[in-house]
Amino acid sequence: MEVHSLNKISVIFSFLFFAMGAATLALGQGTRVGFYAAACPRAESIVQSTVRTHFQSDPKVAPGLLRMHFHDCFVQGCDGSILIDGAGTEKTAPPNLLLRGYEVIDDAKSQLEQACPGVVSCADILALAARDSVVLAGGPGWPVPTGRRDGRVSLASDATNLPGFRDSVDVQKQKFAAKGLDTQDLVALVGGHTIGTVACQFVQYRMYNFNSSVTVDPSISPSFLSQFQSLCPANGDASKRVALDTGSENRFDNSFFGNLQSGRGILESDQMLWTDPSTRTLVQRFLGIRGLLGLTFSAEFARSMVKMSNIGVKTGTDGEIRRVCSAIN
């Protein structure tokens, strides 16, 4: 697995280097690929081995860590503020209550503090862990610019700008644009829903109480409705989890977009990427539909992840390097 993973990272690195330009890999704000090469040369391998160990015990940590990184970057920037414990912190905000994988970050941090005390930030550990999780799920690797420092502020009230499961495409675009991400980034990053699950409480309304005019969300394929209802019955367990990418929840691939095309998207906000003409073309390009200039999902997802992972980062003397990821120094 390790040699295979490194080969995948090398291939994507080459694509990014030539497609984006070498300067983009530094991405300003002080982050750069290989930031820890001198100060903590084993940093990335320690994170990689830690994520692999936890993944082998529970593959669900992969989508958990990917979501956690996304939620961290959209609030206060990619500064590890999602990791801080305490009343009223980001971790306690409703969109973050079901995130998982904190123990993986704590484990990696503990090992890194033994190897290189006070050097590697929790924000960087999370960014690296998200990449390694995607690789373990069969997705692409990419070079992660590092050098982030950890934030000292974590407020649940700041999490209101996270994209929501009922957001229209226009609202999704606005939230992504506010972070410097364009529509292609939006579609590519939402494609991360190719792995993982969601609780029925967030999708039941689509089948039983969509709005005042119709009971069932008309964007759900009639041929999929009975299966969807069997997964999340009307009076069933609202905490039961259902795959975001039906038939492929543990494999990172582009089948997620095929499900959108077939009206089998699970989240309303996901299915809207197909029903809205402004994003449908991008979904079609990721699917390689004839007559359109194709987009390679794995490469574009990697590109957008590098871009997202540099939202509002703290570098230099800003922020701190936490001793433990769950508490400010």
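Further up the page is the structure itself.
Small disclaimer: the values here were computed from a predicted structure and weren't measured.

(A) Expanded view of the layout of surface pockets. Volume-wise, the largest pocket comes out at about 980 Å³. Looking at the largest pocket, it is lined by 41 residues, and the ones nearest its centre are Arg 67, His 71, Pro 95, His 193 and Leu 267. Within the residue set of the lining of the largest pocket, elements represented by two or more residues are α4 (61-73), α7 (169-177), α8 (183-190), β1 (197-199), α12 (268-275) and α14 (297-308). In terms of residues, the lining of the largest pocket owes the most to one element, α4, which gives six residues. Residues belonging to the lining of the largest pocket are distributed by class as follows: 23 nonpolar, twelve polar and six charged. There are two domains that each give the lining of the largest pocket at least three residues, and those are domain 1 (42-159) and domain 2 (169-307).

(B) View of the packing of aromatic side chains. Within this structure, the stated rule accounts for 16 aromatic pairs. Each ring, one from Phe 165 and one from Tyr 205, has its centre 6.2 Å from the other, and the planes form 55°; the classification is tilted. Placement of the pair is Phe 165 in the loop between α6 (122-136) and α7 and Tyr 205 in helix α9 (residues 205-208), with a sequence separation of 40 residues. Take Tyr 205: its relative accessible area is 12%, and that puts it in the buried class. Taken together, the ring pairs in this structure connect Trp 142, Phe 252, Phe 256, Phe 257, Phe 286, Phe 297 and Phe 301 into an aromatic cluster. The residue whose ring lies beneath Lys 91 is Tyr 102, and the NZ or CZ to ring-centre distance is 4.1 Å. Sitting above the plane of the Trp 274 ring, Arg 280 keeps its charged end 5.7 Å from the centroid.

(C) Representation of the packing of α4 against α14 in the model. Running from N to C, α4 and α14 point in directions that differ by 45°, and their axes come no closer than 11 Å. Classed by the angle they form, the pair α4 and α14 counts as oblique. Between α4, through Leu 66, His 69, Phe 70 and Cys 73, and α14, the contact on the second element is made entirely by Phe 301, Met 305 and Met 308.

(D) Just the state of the cysteines, in detail. In total, this model carries four disulfides according to the counting rule given. The side chain of Cys 40 participates in a disulfide bridge whose partner is Cys 116; the two sulfur atoms lie 2.1 Å from each other. Taking the torsion about the S-S bond as the criterion, the Cys 40 to Cys 116 disulfide, at about 80°, is right-handed. Of this pair, Cys 40 sits in the loop between α2 (22-26) and α3 (43-57) while Cys 116 sits in the loop between α5 (102-115) and α6, and the two are 76 residues apart along the sequence. Across this residue pair, the class does not change: Cys 40 and Cys 116 are buried. There is a disulfide in this structure between Cys 73 and Cys 78, and the S-S distance comes to 2.0 Å. Measuring the twist about the S-S bond at about 120°, one finds the Cys 73-Cys 78 disulfide to be right-handed. If you count the bonded cysteines of the protein from the N-terminus, they pair up as 1-4, 2-3, 5-8, 6-7.

How each quantity is defined
Residues numbered from 1 in each chain as written. Predicted model: local features only at pLDDT ≥ 70, side-chain atom pairs only at ≥ 80, totals over all residues. Heavy atoms only, no water. 1 Å grid on protein atoms, 1.4 Å probe; cavity = no way out; pocket = protein on both sides within 12 Å on 5 of 7 lines; lining within 4 Å. Points joined across faces, edges and corners; volume = space filled by probe spheres on them. Helix = DSSP H or I, 4+ residues; strand = E, 2+ residues; numbered from the N terminus. Nonpolar A, V, L, I, M, F, W, Y, C, P; charged D, E, K, R; others polar. Domains from an automatic or database assignment. Phe/Tyr/Trp six-rings, centres within 6.5 Å; stacked < 30°, edge-to-face > 60°. Buried < 20%, exposed > 50% of the residue type's maximum accessible area, 1.4 Å probe, protein only. Lys NZ or Arg CZ within 6 Å of the ring centre and 35° of its normal. Axes fitted to C-alpha atoms, helices over the stretch in contact; angles between N-to-C directions. Parallel < 35°, antiparallel > 145°, perpendicular 65-115°, else oblique. Contact = heavy atoms within 4.5 Å. Disulfide = S-S within 2.5 Å.

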